[in-house]
Amino acid sequence: MSDVKVQKAMKQHMGLTASRRISNTAIYIVLTIMSVIWLIPFVCIVLQSFRVESTWQVGYVIPRQWGWDNYVNLAKTDFWRWYTNTFILAILTAALQTIIVLCMSYTLSRFRFKMRKPLMKLMLVLGLFPGMMTMIILYRVLADLGLTQKNSIPGLLLVYVASSGMGYYVSKGFFDTISKSLDEAARVDGANRFKVLVKIILPMSKPIVIYTVLTAFMGPWGDFVFARYISMGTSAGKNVAVGMYDWLSQDQIGKNYTMFCAGGVLVALPVTLLFLFLQRYYVEGVTNGAVKG
Amino acid sequence: MAAISLKGVKKIYDNKVVAVHDFDLDIKDKEFVVFVGPSGCGKSTTLRMIAGLEDISEGTISIDGVVVNDLQPKDRDIAMVFQNYALYPHMTVYDNIAFSLRLKKVPEDEVYEKVTNAAEILGITQYLMRKPRALSGGQRQRVAIGRAMVRNSKVFLMDEPLSNLDAKLRNQMRAEIILLRQKLDTTFVYVTHDQTEAMTLGDRIVIMQDGYIEQVGTPTEVFDMPANKFVAEFIGAPKMNMIDTRLTRMGDSYMVSPFGVNLFVEGEKKNLLLKNDVQTQKITLGVRPEHMTLLPAPAPDAIPCTLQVNEMMGSELHLHAVTEDGSRLIARVPTLSLTLAQRESLKAGKTLYLTFDSRVMHFFGEDGVSLLSDADYRRQLEIKKENQKQEIIDALASSDKSYNEIMSFLLGTKK
């Protein structure tokens, strides 16, 4: 290569890195701005929850006096009861719903039976109806079973878990990508279908199991409309969102605003921890080397 | 250690496709049987039915005298090696091999002993703590074989275990499977589409096409006495030369006239033709390339033809030639049977004189069935095929339409 050509090539190379650097910088700037915008509300809430000089809304963000008063005051209300209600509800829902969804997905992915396709289509169609439509009839059913007001927690559990088989799409899609010959090998090796699912399929599907657990947990944890409807103002049957909502009414907000923020922080805590702990499984791919390749 | 018996086994898929027709076979204890045939011939389906991975539509399969039709794979006491290895990717090699033993709740020290023992036989001891993705294709296949080995089961099933390996490794693994077989001394059923594997591994070979068994026999039998044209062409490489010609009977002697050259049929072949009382008819004459003899000069019994391609394979030459009427012939000639000068003279365009004697002739009637096979076999074959044709027609006619109609009504869709 002649010198001219080398120089030209080098120039091109330099140009390439320069343009890459510019685009990278632009991307980082945009990302930084977006994350700041997203984080502002959270930062505000955390800061407000430590403000002790006044309990109402004020025009500044940084507290003038810091303290744990708002968190301590929560204990004087029904907050921890609601919190426990929600927590139990979310844990149980997450556990049951995950089991049902994974079994359902495995069945639809691996078994071939006559009604398989009609069933899948039916569930797809049913899933398109908004959940709100069913509220009145569900209320009547739960009322007849005596599962409203102070008994609304088991009632809610029933509602959350009952339809969970319909959320099979994502995990069925994932199971479909796992070679069937792994199932067959395990079955020949002496495993029954359940053991195949537990010992072969699930360990290979960690990301999807985690996803299922997280979504199943988040549903009841953040539910408001249905929980409020079923509990009918009875404190014992409220979840944390419904309970805390009352603090924001016209006559209460001045008294309870900072406490509301403290409650909000506590509500956000388990979900945040859950995500921090489980996020690494999201990216972990484990299917390499299963079959040929 | 078990005999397997398949009686009238049939596989019909949901879409009414018949994958396997009336499969009858008795596999003896400790026998190595190979199912071979082109893809889609039903060989894998049959194997999977033995394993319990496919339902049996009709007929019975029994292992060791016990009908296993309704038994789960885990209850059949079989081991299987898959084409794509099917190793559990989240487990180490050790755990992969130990999986079946742990399911049986074998004590852990016994598991250790068995796994290390199998690993030693297969030469994978140093990889025991690796995950399958860190292994090469050959090593993975060894692990898959190891996983089947430790089960010590009655029947060893292998579904094209070598077809994902490269040619060199395949030869090596083939030899290892023969050694493995000597060590395990159990019943093997092996599926392949490669006739070389079938010939070298099998005690008996089952040649299949379109769900039918074409012939069952030892490698020698299927090579020397192919039952029909399909078997004749499938076994052996390059495939058998097929020459359309005429078989003439004159009293107690027979004559064929390929490309106008008259050749008399002598010896054993003549006796078989006489026994079957074969008359003068149009036939397809089959001669394997390796049975063609290259003559140095024209002779009364030599077929003249023009050399087109000379493939030097090392130990032998594959001579592709074309006769005067445009038919193609292939001859396999050992390299050492020719002098260097003779070999160099074999260039495209040279006229060759090929011949063969009656020991190597195969005669196929117009229906493709060998005229040398006994008459009973031919009759059975015809009755069977006729029956099966009728069955398919019946099945199609009575196929259940009501279910589809109800579903399309319910969902408002039409297929």
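A quick note: this is a predicted structure, and the numbers were derived from the prediction, not measured.

Reading guide: rules and limits
- Residues numbered from 1 in each chain as written.
- Chains lettered and ligands numbered in written order.
- Predicted model: local features only at pLDDT ≥ 70, side-chain atom pairs only at ≥ 80, totals over all residues.
- Helix = DSSP H or I, 4+ residues; strand = E, 2+ residues; numbered from the N terminus.
- Contact = placed C-beta atoms within 7 Å.
- Rg over C-alpha atoms; globule rule 2.2 N^0.38 Å.
- Buried ≥ 20, exposed ≤ 12 C-beta atoms within 10 Å, placed from the backbone.
- Domains from an automatic or database assignment.
- Nonpolar A, V, L, I, M, F, W, Y, C, P; charged D, E, K, R; others polar.
- Pairing = 2+ DSSP bridges.
- Axes fitted to C-alpha atoms, helices over the stretch in contact; angles between N-to-C directions.
- pLDDT = per-residue confidence, 0-100.
- Core = buried A, V, L, I, M, F, W, Y, C linked by C-beta atoms within 7 Å.
- Parallel < 35°, antiparallel > 145°, perpendicular 65-115°, else oblique.
- Left-handed = near helix turned anticlockwise from the far one by under 90°.

Draft legend 1. Examining the overall build of chain B more closely. Within chain B one finds twelve helices and 20 strands. Nonlocal contacts in chain B, meaning residues at least 24 apart in sequence, comprise 66% of its contacts between residues at least 6 apart.

Draft legend 2. Structural view of the overall build of chain A. Secondary structure assignment for chain A yields 13 helices and zero strands. For chain A, the N- to C-terminal ordering of α and β elements is α-α-α-α-α-α-α-α-α-α-α-α-α. Whereas a compact globule of 293 residues would reach a radius of gyration of roughly 19 Å, chain A reaches 26 Å, over 25% beyond that. For chain A, the spread of C-alpha atoms along the three principal axes comes to 80 × 65 × 35 Å. Taking all 293 residues of chain A together, the buried fraction comes to 28%. Taking the intrachain contacts of chain A between residues at least 6 apart in sequence as the baseline, contacts between residues at least 24 apart amount to 75%.

Draft legend 3. Main features of the domain arrangement of chain A. All names here are of chain A. For chain A, the domain assignment lists domain 1 (3-69) and domain 2 (78-283). Computed from C-alpha coordinates alone, the two centres of domain 1 and domain 2 are separated by 34 Å. The interface of domain 1 with domain 2 comprises eight residues on the first partner and ten residues on the second. Of the residues in the side of domain 1 that touches domain 2, the class split is three nonpolar, four polar and one charged.

Draft legend 4. Up close: the pairing of strand β11 (residues 241-250) of chain B. Residues and elements named next belong to chain B. Inspection of the sheet shows β11 paired to strand β14 (residues 281-287) by seven bridges, in the antiparallel sense. Across the sheet, residue Met242 finds its bridge partner in β14, namely Gly286. Here four bridges tie β11 to strand β12 (residues 253-256), and the two strands are oriented antiparallel to one another. Each bridged residue has a counterpart across the sheet, and for Thr248 the counterpart in β12 is Met255. Hairpin connection from β11 to β12: two residues lie between these consecutive antiparallel strands, with Gly251 at a positive phi of about 65°.

Draft legend 5. Unusual backbone geometry, seen in detail. Residues and elements named next belong to chain B. Here the residue pair Ala237 and Pro238 is connected by a cis peptide bond, since its omega of -10° sits within 30 degrees of zero. One non-glycine residue, Asn152, adopts positive backbone phi at about 55°. Its identity as a non-glycine residue notwithstanding, Asp277 has a phi of 55°, on the positive side. Note that Asp277 resides in the loop between α9 (267-275) and β14. For Asp277, a count of 8 C-beta atoms within 10 Å translates into the label exposed.

Draft legend 6. The sheet that holds β11(B), seen in detail. Residues and elements named next belong to chain B. Sheet architecture is open: five strands sit in the order β13-β12-β11-β14-β20, paired in antiparallel fashion. The sheet is open, and its two edges are formed by β13 (263-265) and β20 (362-364), each paired on a single side. When strand polarity is set aside, the average angle formed by the axes of neighbouring strands in this sheet is 40°. Direction of pairing for β12 relative to β13: antiparallel, over a ladder of three bridges. Residue pairing in the sheet places Tyr254 in a bridge with Val265 of β13.

Draft legend 7. Seen up close, the interface of chain B and chain A. The partner chain A presents 24 residues to the 27 residues of chain B that form the contact. Where the side of chain B that touches chain A is concerned, the elements lending two or more residues are β6 (78-81), α2 (93-103) and α12 (402-411) of chain B. Among the residues making up the side of chain B that touches chain A, the classes are represented as 17 nonpolar, six polar and four charged.

Draft legend 8. Focus on the confidence of the model for chain B. All names here are of chain B. Residues of chain B with pLDDT of at least 70 account for 93%, and the chain-wide mean is 87. Within chain B, the element-level pLDDT minimum falls on α12, averaging 59, and the maximum on strand β3 (residues 32-36), averaging 95. Overall fold confidence for the complex sits at a pTM of 0.79, while the interface term, ipTM, reaches 0.80.

Draft legend 9. Summary view of the nonpolar core. Formed by 122 residues in total, the largest nonpolar core has its most connected members in Val34(B), Met80(B), Ala144(B), Leu157(B) and Val189(B). A per-element tally of this core places α2(B) first, with six residues. Once residues within four sequence positions are removed from consideration, Leu157(B) is found in contact with Leu47(B), Ile50(B), Ala51(B), Ile78(B), Ala79(B), Met80(B) and Val189(B). In this structure, Leu89(A), Ala90(A), Ala227(A) and Ala241(A) belong to the second largest nonpolar core, which totals 25 residues.

Draft legend 10. Spotlight on the packing of helix α3 (residues 79-110) of chain A against helix α7 (residues 169-177) of chain A. Residues and elements named next belong to chain A. Relative to each other, α3 and α7 sit at 50°, their axes nearing to 8 Å. By the criterion of interaxial angle, the relationship of α3 to α7 is oblique. By crossing handedness, the relation of α3 to α7 is classed as right-handed. Of the residues in α7, those touching α3 at Val101, Leu102, Ser105, Tyr106, Leu108 and Ser109 are Ser171, Lys172, Phe175 and Asp176. Per-class residue counts for the contact of α3 with α7 are five nonpolar, three polar and two charged.

Draft legend 11. Geometry of the pairing of strand β4 (residues 58-63) of chain B. All names here are of chain B. Examined bridge by bridge, strand β1 (residues 4-12) and β4 share five bridges and lie antiparallel to one another. Bridge pairing in β4 places Ser5 opposite Ser62. In this antiparallel pair of consecutive strands, β4 and strand β5 (residues 66-67), the connection spans two residues, and Asp64 shows a positive phi of 60°.

Draft legend 12. Looking closely at the sheet that holds β6(B). Residues and elements named next belong to chain B. Pairing in this open sheet of six strands is mixed, and the strands run β6-β7-β8-β3-β9-β10 from one edge to the other. Here the strands that pair on one side only, and so sit at the sheet edges, are β6 and β10 (212-217). On average, each strand axis in the sheet is inclined to that of its neighbour by 15°, with strand direction left out of account. With respect to the sheet, helix α4 (residues 137-149) is in contact with β6 and β7 (155-159), its orientation differing from that of β6 by roughly 175°.

Draft legend 13. A look at the environment of His320(B). Residues and elements named next belong to chain B. Summarising the element assignment, His320 is placed in strand β17 (residues 316-323). Of the residues examined, His320 has 17 C-beta atoms within 10 Å and is grouped as partly exposed. Spatially, the C-alpha atom of His320 lies 30 Å from that of Leu162, the residues being 158 residues apart in sequence. Those residues in contact with His320 that sit more than four places away from it in its chain are Gln308, Val309, Arg328 and Ile330.

Draft legend 14. Fine view of the confidence of the model for chain A. Averaged over all residues, the pLDDT of chain A equals 84, while 94% of them reach at least 70. Across residues 285-293 of chain A, where pLDDT falls below 50, the model places 26 contacts with residues more than four positions away in sequence or in other chains.

Draft legend 15. Just the environment of Tyr254(B), in detail. Residue and element names in this part refer to chain B. Along the polypeptide, Tyr254 turns up in strand β12. Through-space distance from the C-alpha of Tyr254 to that of Lys269 is 9.7 Å; in sequence the pair is 15 residues apart. Dropping the residues within four chain positions of it, Tyr254 is found in contact with Leu247, Thr248, Arg249, Val265, Lys270 and Leu273.

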